[in-house]
Amino acid sequence: MKAVAVVPGNKNSLHVRADVPEPTPAAGEAVVRVLEAGVCGTDVEIHQGLYGSAPGASPYLVLGHENLGVVETVPAGHGLEEGDLVVATVRRPCDEPCRPCASDQNDMCLTGRFQERGIGGLHGFMSERYSENPRYLVKLPHSLRHTAVLLEPMTIVQKGIEQALRIQERMAWDPRRAVVLGAGPVGILAAAALRMRGYQVTVAALEPEGTFKDLLLDEAGIDYVSTGRTPLSDLKTKLGRIDLVFEATGSTHVVVPAMQLLGPAGVCILSSVTGGTKNLDVDVATWNREMVLGNRLVFGTVNAARRHFEAGVRDLEFAEERLPGWMAKLITRRLPFTDALRALDRTPEDVKTVLEFA
Ligand code: BGC
């Protein structure tokens, strides 16, 4: 069958190949026909040879972790049937397995020996079909057919927010204002999820005001600030107390300013996987003093567990109910998978590019 693949470690290696074996499901596994796969920053890094590993002795890695498919065959007893719309989770447990991996929390793996489909050690979903253990398949209603491919990036947001709220149970908290840094898919989804939870949300990003993303956010009652006009350091005075910051720019430059935006007892969620190294001259005494005297909190978050996929499905449904058609506008380009290379050329107006397989 055909698939979009890369040679991990090799720069600019993305290609479409026709010699990928059809899946041979192990006992108990389902076969899923792929409908769509989203392209994300991690895929670009893998294509650039900066990240990712192929399974075992395979000379290539089938790319793709943002996925949507339809069940072709599935053994009985898993609550799934032929024709169901499904999204697969990304991470698989480590071999030990550590306590989180043994408790269906592969996203919190302690050994680092987990595997991720389409990223590290396992083929991904940018192929015509794949096989998978049904426990890693999450069913979606057919009403979400046109937005379901956004579920995986939405789970990153769900996990970040869920953890922030759980950690903040340390106090009586009535959060009102959130700032999201970055207007890529994760940033926009984070802003939407926070707005749905009643926060006043401001997205701050590089693009000028009045362009597509600003207008899209405005439709959902989310404010937009261009950092070209308003430097991040001015946001605190402009907005007042900021209770929650969601950093999703992918840029190392923003990490320290993100933490500095926090109001007293505020929480900063860091979600960008930044490559390479970056040294900064930071006034640690002031930073530490503000963290301590303000009971501030900063944490990192990656990947997501099954419950975050289920929560993401509920948010995608809620968004559709509240603002029909809005979520679908985040998919700014759909291309046949055979044009995968073109998917990597992005314009500032692009939010999510999706490859179509069927
Ligand atoms: C994916 C996560 C993954 C992370 C690190 C992200 O792009 O969405 O599922 O854990 O990359 O590999």
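Calculation notes
- Residues numbered from 1 in each chain as written.
- Predicted model: local features only at pLDDT ≥ 70, side-chain atom pairs only at ≥ 80, totals over all residues.
- Heavy atoms only, no water.
- Near = heavy atom within 4 Å.
- Polar contact = N/O pair within 3.5 Å; in protein donor to acceptor, adjacent residues only side chain to side chain.
- Areas by Shrake-Rupley, 256 points an atom, 1.4 Å probe, with all protein chains shown as cover.
- Nonpolar A, V, L, I, M, F, W, Y, C, P; charged D, E, K, R; others polar.
- Pairing = 2+ DSSP bridges.
- Helix = DSSP H or I, 4+ residues; strand = E, 2+ residues; numbered from the N terminus.
- Axes fitted to C-alpha atoms, helices over the stretch in contact; angles between N-to-C directions.
- Patch = residues over 30% accessible without salt bridge, like charges linked within 9 Å, V, L, I, M, F, W, Y side chains within 5 Å.
- Salt bridge = Lys/Arg side-chain N within 4 Å of Asp/Glu carboxyl O.
- Buried < 20%, exposed > 50% of the residue type's maximum accessible area, 1.4 Å probe, protein only.
- Parallel < 35°, antiparallel > 145°, perpendicular 65-115°, else oblique.
- Contact = heavy atoms within 4.5 Å.
- Expected span 1.5 Å × (residues − 1).
- Domains from an automatic or database assignment.
- Buried area = accessible area lost by both parts, 1.4 Å probe.
- Phe/Tyr/Trp six-rings, centres within 6.5 Å; stacked < 30°, edge-to-face > 60°.
- Lys NZ or Arg CZ within 6 Å of the ring centre and 35° of its normal.

Trainee: Sorry if this is basic, but what is going on with the site of the ligand here?
Mentor: Around the ligand, the surrounding shell consists of C40, T42, Y51, H65, V90, R91, E116, I119, E152, I156, V302 and N303. Contacts to the ligand include T42, whose side-chain N or O atom sits 2.5 Å from an oxygen atom. Contact distances for the ligand include 2.6 Å between an oxygen atom and a side-chain N or O atom of E116. If the ligand stood free it would expose 310 Å²; the protein chains cover 92% of that surface. When the residues that make up the shell around the ligand are grouped by side-chain class, the tally is six nonpolar, three polar and three charged.

Trainee: Could you clarify how one ought to interpret the sheet that holds strand 14 (residues 223-226) in this entry?
Mentor: Strand pairs in the sheet, formed through backbone hydrogen bonds, run parallel or antiparallel to each other. Across the sheet, six strands lie side by side as 14-13-12-15-16-17; this open sheet has parallel pairing. On the outer flanks of this sheet lie strand 14 and strand 17 (297-300), each paired with one strand and no other. The sheet shows a mean angle of 20° between the axes of neighbouring strands, taken without regard to direction. The sheet contact formed by strand 16 (residues 267-270) and strand 17 spans four bridges and is parallel. Note that in strand 17 the partner of C268 across the bridge is V298.

Trainee: In this structure, what is going on with a nonpolar patch on the surface? I would like to understand it.
Mentor: Together, L50, Y51, V273 and V302 make up an exposed nonpolar region whose accessible area comes to about 370 Å². With respect to the helices and strands, Y51 occurs in the loop between helix 1 (41-47) and strand 4 (61-62). Judged by its relative accessible area of 35%, Y51 is partly exposed.

Trainee: Which parts of the structure should I look at to understand the packing of helix 3 (residues 151-167) against helix 9 (residues 306-322)?
Mentor: Two quantities define a packed helix pair, namely the angle between the axes and the distance from one axis to the other. Contact pair helix 3 / helix 9: the axes reach a minimum separation of 8 Å and the direction vectors enclose 105°. For the element pair helix 3 / helix 9, the angle class is roughly perpendicular. Of the residues in helix 9, those touching helix 3 at L151, E152, M154, T155, Q158, K159, E162 and R166 are R307, H308, F309, A311, G312, V313, D315 and L316. Its residues assigned to classes, the contact of helix 3 with helix 9 shows six nonpolar, four polar and six charged.

Trainee: Can you help me understand the side chain of D243 in this one?
Mentor: Structurally, the position occupied by D243 is in the loop between helix 6 (235-239) and strand 15 (244-247). Separated by 2.7 Å, the side chain of D243 and the backbone nitrogen of R176 make a polar contact. Residue contacts for D243: discarding those within four places in its chain leaves W173, P175, R176, R177, L262, G266 and V267.

Trainee: What exactly am I supposed to notice about helix 4 (residues 185-196) here?
Mentor: In an α-helix, one full turn covers 3.6 residues, which means residues spaced three or four apart are oriented alike. Helix length check: helix 4, at twelve residues, gives a terminal C-alpha distance of 16 Å against a target of 16 Å (1.5 Å per residue), a fit within 8%. Extensive coverage of helix 4 is indicated by the burial of ten of its twelve residues. Three or more residues of helix 4 are buried, namely P185, G187, I188, L189, A190, A191, A192, A193, L194 and M196. After helix 4 finishes, the residue G198 shows a positive phi value of roughly 90°.

Trainee: Before we go on, may I ask you to explain helix 8 (residues 284-293) in this structure?
Mentor: Structurally, the start of helix 8 carries an N-cap: the backbone nitrogen of A285 is 3.2 Å from a side-chain oxygen of D283. Of the residues trailing helix 8, N295 is marked for its positive phi of about 50°.

Trainee: I keep staring at unusual backbone geometry and nothing clicks. Help me out?
Mentor: Most of the time, phi is negative for any residue but glycine, and the peptide bond is trans. Omega for the bond connecting E96 with P97 falls within 30 degrees of zero, at -20°, which places this linkage in the cis form. Position of P97 relative to the elements: it lies in the loop between strand 7 (91-92) and helix 2 (99-102). Phi at D104 is positive, roughly 60°, even though this residue is not glycine. Notably, N295 is not glycine yet its phi reads approximately 50°, a positive angle. Considering the arrangement of structural elements, one finds N295 in the loop between helix 8 and strand 17.

Trainee: Please clarify how the domain arrangement of the chain should be interpreted in this entry.
Mentor: Interface extent is often summarised as the accessible area lost during association of the parts. Structurally, the chain comprises domain 1 (3-147 + 325-356) and domain 2 (154-300). When each unit is reduced to the centre of its C-alpha atoms, the spacing between domain 1 and domain 2 is 28 Å. Carbon and sulfur atoms make up 67% of the surface buried where domain 1 meets domain 2, a total of about 1,300 Å² over both sides. Taken together, the connections running from domain 1 to domain 2 amount to two salt bridges. Measuring nitrogen to oxygen at the nearest pair gives 2.9 Å for the salt bridge that ties D107 to K159. In this structure, the connection of domain 1 to domain 2 is made through four residue pairs in polar contact (both at pLDDT 80 or more). Partitioning the side of domain 1 that touches domain 2 into residue classes produces six nonpolar, one polar and six charged.

Trainee: When you look at the packing of aromatic side chains in this model, what are you seeing that I'm missing?
Mentor: Each aromatic ring pair is described using two quantities: the centre-to-centre distance and the angle formed by the ring planes. Applying the stated rule across the entire model yields two aromatic pairs. For the ring pair F337 and F357, a centre distance of 4.4 Å and an interplane angle of 5° mean the geometry is stacked. You can see F337 sitting in the loop between strand 18 (331-336) and strand 19 (352-356) and its partner F357 sitting in the segment after strand 19, a full 20 residues away along the chain. Here F337 falls in the buried class, since its relative accessible area comes to 8%. Lying over the aromatic face of Y60, R17 brings its terminal NZ or CZ to 3.9 Å of the ring centre. Over the ring of F114 we find R91; its NZ or CZ atom is 3.5 Å from the centre of that ring.

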